[in-house]
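# Structure at a glance
Listed below are the residues making up each chain.
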Amino acid sequence: MSIRVLVAEDQSAVRAGLVLILGSAPDIEVVGEAGDGEEAVRLARELRPDLVLMDVSMPRLDGVSATRQVVSEGLADVLVLTTFDLDSYVFGALRAGASGFLLKDTEAHGLLEAVRTVARGEGMIAPAVTRRLIAEFAGATAAPPDAADRAVLDALTRREREVLGCLGEGLSNAEVAVRLSMAEATVKTHVSRVLGKLGLRSRVQAAVLAQELGI
(Lines give C-alpha, C1' and ligand atoms only; values in the text may rest on other atoms or scores of the structure.)
Protein backbone atom coordinates (compact mmCIF):
# COMPACT_ATOMS: atom_id res chain seq x y z
CA MET A 1 0.00 0.00 0.00
CA SER A 2 1.12 3.55 -0.73
CA ILE A 3 2.32 5.87 2.01
CA ARG A 4 -0.15 8.75 2.04
CA VAL A 5 1.62 12.08 2.60
CA LEU A 6 0.40 15.61 3.29
CA VAL A 7 2.96 18.29 2.39
CA ALA A 8 2.87 21.46 4.53
CA GLU A 9 5.21 24.19 3.24
CA ASP A 10 4.44 27.89 2.82
CA GLN A 11 6.85 28.52 -0.09
CA SER A 12 4.98 27.38 -3.19
CA ALA A 13 8.12 26.65 -5.23
CA VAL A 14 9.61 24.51 -2.46
CA ARG A 15 6.29 22.77 -1.93
CA ALA A 16 5.99 22.00 -5.64
CA GLY A 17 9.47 20.51 -5.62
CA LEU A 18 8.68 18.31 -2.64
CA VAL A 19 5.45 17.12 -4.24
CA LEU A 20 7.29 16.32 -7.46
CA ILE A 21 9.93 14.26 -5.67
CA LEU A 22 7.44 12.39 -3.51
CA GLY A 23 5.16 11.76 -6.47
CA SER A 24 7.99 10.12 -8.38
CA ALA A 25 8.06 7.21 -5.93
CA PRO A 26 5.68 4.32 -6.68
CA ASP A 27 5.06 3.65 -3.00
CA ILE A 28 4.28 7.25 -1.97
CA GLU A 29 1.12 9.24 -2.68
CA VAL A 30 0.74 12.97 -2.00
CA VAL A 31 -2.85 13.35 -0.84
CA GLY A 32 -2.80 17.05 0.00
CA GLU A 33 -0.85 20.31 0.17
CA ALA A 34 -0.98 23.03 2.83
CA GLY A 35 0.49 26.52 2.74
CA ASP A 36 0.30 27.24 6.46
CA GLY A 37 0.01 25.49 9.81
CA GLU A 38 -3.73 25.94 10.25
CA GLU A 39 -4.41 24.45 6.82
CA ALA A 40 -2.05 21.58 7.63
CA VAL A 41 -4.03 20.68 10.75
CA ARG A 42 -7.35 21.03 8.94
CA LEU A 43 -6.26 18.81 6.06
CA ALA A 44 -4.73 16.26 8.42
CA ARG A 45 -8.11 15.96 10.15
CA GLU A 46 -9.90 15.72 6.81
CA LEU A 47 -7.55 13.44 4.87
CA ARG A 48 -5.99 11.34 7.66
CA PRO A 49 -2.65 10.87 5.89
CA ASP A 50 -0.03 8.43 7.12
CA LEU A 51 2.52 11.22 7.41
CA VAL A 52 2.70 15.01 7.36
CA LEU A 53 5.87 16.56 5.93
CA MET A 54 5.85 19.75 8.02
CA ASP A 55 7.88 22.93 7.57
CA VAL A 56 8.59 24.53 10.96
CA SER A 57 8.35 28.13 9.80
CA MET A 58 4.89 28.89 8.44
CA PRO A 59 2.32 31.70 8.74
CA ARG A 60 -0.87 31.68 10.87
CA LEU A 61 0.26 28.62 12.85
CA ASP A 62 3.91 27.60 13.08
CA GLY A 63 5.04 24.06 12.36
CA VAL A 64 5.76 23.25 16.00
CA SER A 65 2.24 24.15 17.12
CA ALA A 66 0.75 22.38 14.10
CA THR A 67 2.83 19.29 14.89
CA ARG A 68 1.60 19.30 18.48
CA GLN A 69 -2.03 19.36 17.32
CA VAL A 70 -1.59 16.68 14.66
CA VAL A 71 0.24 14.32 17.01
CA SER A 72 -1.93 14.91 20.06
CA GLU A 73 -5.04 14.11 18.02
CA GLY A 74 -3.39 11.01 16.57
CA LEU A 75 -3.94 12.23 13.01
CA ALA A 76 -0.59 11.24 11.51
CA ASP A 77 3.13 10.92 12.05
CA VAL A 78 5.05 14.14 11.44
CA LEU A 79 8.38 14.54 9.69
CA VAL A 80 9.64 18.10 10.17
CA LEU A 81 11.50 20.08 7.53
CA THR A 82 14.07 22.55 8.81
CA THR A 83 17.35 24.35 8.25
CA PHE A 84 20.30 24.64 10.61
CA ASP A 85 19.36 28.18 11.59
CA LEU A 86 16.03 26.93 12.96
CA ASP A 87 17.49 24.41 15.39
CA SER A 88 15.50 25.68 18.37
CA TYR A 89 12.32 24.95 16.45
CA VAL A 90 13.54 21.44 15.79
CA PHE A 91 13.76 20.67 19.47
CA GLY A 92 10.31 22.15 20.01
CA ALA A 93 8.97 19.92 17.25
CA LEU A 94 10.56 16.84 18.78
CA ARG A 95 9.03 17.78 22.12
CA ALA A 96 5.68 18.16 20.36
CA GLY A 97 5.89 14.55 19.21
CA ALA A 98 7.41 14.76 15.72
CA SER A 99 8.85 11.49 14.51
CA GLY A 100 11.98 13.26 13.31
CA PHE A 101 13.29 16.04 11.17
CA LEU A 102 14.94 16.47 7.82
CA LEU A 103 17.14 19.25 6.51
CA LYS A 104 15.70 21.11 3.53
CA ASP A 105 18.83 20.57 1.47
CA THR A 106 18.50 16.78 1.70
CA GLU A 107 18.78 15.05 -1.67
CA ALA A 108 15.68 13.52 -3.25
CA HIS A 109 16.75 9.98 -2.33
CA GLY A 110 17.20 11.03 1.31
CA LEU A 111 13.74 12.59 1.40
CA LEU A 112 12.09 9.45 0.08
CA GLU A 113 13.98 7.21 2.48
CA ALA A 114 13.09 9.50 5.40
CA VAL A 115 9.39 9.23 4.56
CA ARG A 116 9.66 5.45 4.31
CA THR A 117 11.59 5.22 7.58
CA VAL A 118 9.03 7.24 9.53
CA ALA A 119 6.19 5.29 7.90
CA ARG A 120 7.79 2.10 9.24
CA GLY A 121 7.58 3.52 12.74
CA GLU A 122 11.26 4.38 13.10
CA GLY A 123 12.13 7.97 13.93
CA MET A 124 14.62 9.86 11.80
CA ILE A 125 17.35 9.84 14.41
CA ALA A 126 19.99 7.80 12.65
CA PRO A 127 22.03 10.52 10.88
CA ALA A 128 25.01 11.64 12.91
CA VAL A 129 23.95 15.27 12.66
CA THR A 130 20.62 14.44 14.24
CA ARG A 131 22.30 12.61 17.09
CA ARG A 132 24.52 15.63 17.78
CA LEU A 133 21.57 18.01 17.71
CA ILE A 134 19.54 15.86 20.09
CA ALA A 135 22.48 15.69 22.46
CA GLU A 136 23.07 19.44 22.17
CA PHE A 137 19.46 20.36 22.86
CA ALA A 138 19.16 17.91 25.72
CA GLY A 139 22.23 19.40 27.36
CA ALA A 140 21.30 23.00 26.67
CA THR A 141 17.69 22.89 27.76
CA ALA A 142 17.69 20.56 30.71
CA ALA A 143 19.14 20.86 34.17
CA PRO A 144 21.07 17.88 35.54
CA PRO A 145 18.52 15.12 36.19
CA ASP A 146 17.54 14.76 39.82
CA ALA A 147 16.13 11.72 41.60
CA ALA A 148 12.57 12.69 40.72
CA ASP A 149 13.42 12.86 37.03
CA ARG A 150 15.16 9.50 37.02
CA ALA A 151 12.27 7.96 38.93
CA VAL A 152 10.40 7.64 35.62
CA LEU A 153 12.84 4.85 34.76
CA ASP A 154 11.64 2.73 37.67
CA ALA A 155 8.78 1.47 35.53
CA LEU A 156 11.19 -0.01 33.00
CA THR A 157 12.78 -3.44 33.13
CA ARG A 158 16.55 -3.75 32.77
CA ARG A 159 16.15 -4.73 29.12
CA GLU A 160 13.84 -1.81 28.44
CA ARG A 161 16.40 0.57 29.93
CA GLU A 162 19.02 -0.89 27.62
CA VAL A 163 16.73 -0.33 24.66
CA LEU A 164 16.06 3.24 25.80
CA GLY A 165 19.81 3.84 25.99
CA CYS A 166 20.19 2.59 22.43
CA LEU A 167 17.46 4.95 21.27
CA GLY A 168 19.39 7.77 22.91
CA GLU A 169 22.33 6.89 20.70
CA GLY A 170 20.12 7.14 17.63
CA LEU A 171 20.22 3.44 16.79
CA SER A 172 17.67 1.91 14.43
CA ASN A 173 15.72 -1.21 15.38
CA ALA A 174 18.12 -3.32 13.35
CA GLU A 175 21.13 -1.76 15.08
CA VAL A 176 19.56 -2.25 18.51
CA ALA A 177 18.92 -5.88 17.63
CA VAL A 178 22.60 -6.40 16.85
CA ARG A 179 23.78 -4.45 19.91
CA LEU A 180 21.56 -6.36 22.34
CA SER A 181 21.57 -9.72 20.53
CA MET A 182 17.82 -9.99 20.06
CA ALA A 183 15.39 -10.31 17.17
CA GLU A 184 14.31 -7.08 15.48
CA ALA A 185 10.67 -7.95 16.18
CA THR A 186 11.53 -8.17 19.88
CA VAL A 187 13.18 -4.76 19.71
CA LYS A 188 9.99 -3.28 18.25
CA THR A 189 8.01 -4.78 21.12
CA HIS A 190 10.40 -3.32 23.70
CA VAL A 191 10.30 0.11 22.03
CA SER A 192 6.49 0.10 22.14
CA ARG A 193 6.53 -0.83 25.81
CA VAL A 194 9.08 1.88 26.64
CA LEU A 195 6.98 4.53 24.90
CA GLY A 196 3.82 3.34 26.63
CA LYS A 197 5.34 3.21 30.11
CA LEU A 198 6.98 6.62 29.78
CA GLY A 199 3.97 8.28 28.15
CA LEU A 200 5.91 9.28 25.05
CA ARG A 201 4.54 9.73 21.55
CA SER A 202 7.60 8.82 19.51
CA ARG A 203 10.97 7.07 19.68
CA VAL A 204 12.58 10.45 19.02
CA GLN A 205 11.08 11.77 22.25
CA ALA A 206 12.50 8.68 23.92
CA ALA A 207 15.93 9.52 22.48
CA VAL A 208 15.76 13.04 23.88
CA LEU A 209 14.73 11.72 27.31
CA ALA A 210 17.58 9.21 27.29
CA GLN A 211 20.02 12.01 26.53
CA GLU A 212 18.59 14.23 29.26
CA LEU A 213 18.82 11.47 31.85
CA GLY A 214 22.29 10.45 30.77
CA ILE A 215 21.35 6.87 29.97
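Description of the structure in this document. (Residues numbered from 1 in each chain as written. Predicted model: local features only at pLDDT ≥ 70, side-chain atom pairs only at ≥ 80, totals over all residues. Heavy atoms only, no water.)

### Here we look at the overall build of the chain
From N to C terminus, the chain includes 11 helices and five strands. Sorting the 215 residues of the chain into buried and exposed places 50% on the buried side. Long-range pairs, those at least 24 residues apart, make up 67% of the contacts in the chain with a sequence separation of at least 6. If you sum the accessible surface of the chain, you get close to 9800 Å²; carbon and sulfur atoms cover 52% of it. (Helix = DSSP H or I, 4+ residues; strand = E, 2+ residues; numbered from the N terminus. Buried < 20%, exposed > 50% of the residue type's maximum accessible area, 1.4 Å probe, protein only. Contact = heavy atoms within 4.5 Å. Areas by Shrake-Rupley, 256 points an atom, 1.4 Å probe, with all protein chains shown as cover.)

### Points about the packing of helix α2 (residues 37-47) against helix α3 (residues 63-72)
Contact geometry for α2 and α3: axes closest at 9 Å, N-to-C directions at 15°. Put simply, α2 runs roughly parallel to α3. In this structure, α2 meets α3 at a crossing whose hand is right-handed. Listed contacts from α3 to Gly37, Val41, Ala44 and Arg45 of α2 are Ala66, Gln69 and Val70. (Axes fitted to C-alpha atoms, helices over the stretch in contact; angles between N-to-C directions. Parallel < 35°, antiparallel > 145°, perpendicular 65-115°, else oblique. Left-handed = near helix turned anticlockwise from the far one by under 90°.)

### Focus on the side chain of threonine 67
Secondary-structure assignment places threonine 67 in helix α3. When its relative accessible area of 0% is taken as the criterion, threonine 67 is described as buried. Apart from residues no more than four positions distant in its own chain, threonine 67 is found in contact with Met54, Val78, Val80, Ala93, Ala96 and Ala98.

### Observations regarding the layout of surface pockets
By volume, the largest pocket is sized at about 210 Å³. Gly121, Glu122, Val191, Leu195 and Arg203 are, among the 15 residues lining the largest pocket, the residues nearest its centre. In the lining of the largest pocket, the residues fall into three nonpolar, six polar and six charged. (1 Å grid on protein atoms, 1.4 Å probe; cavity = no way out; pocket = protein on both sides within 12 Å on 5 of 7 lines; lining within 4 Å. Points joined across faces, edges and corners; volume = space filled by probe spheres on them. Nonpolar A, V, L, I, M, F, W, Y, C, P; charged D, E, K, R; others polar.)

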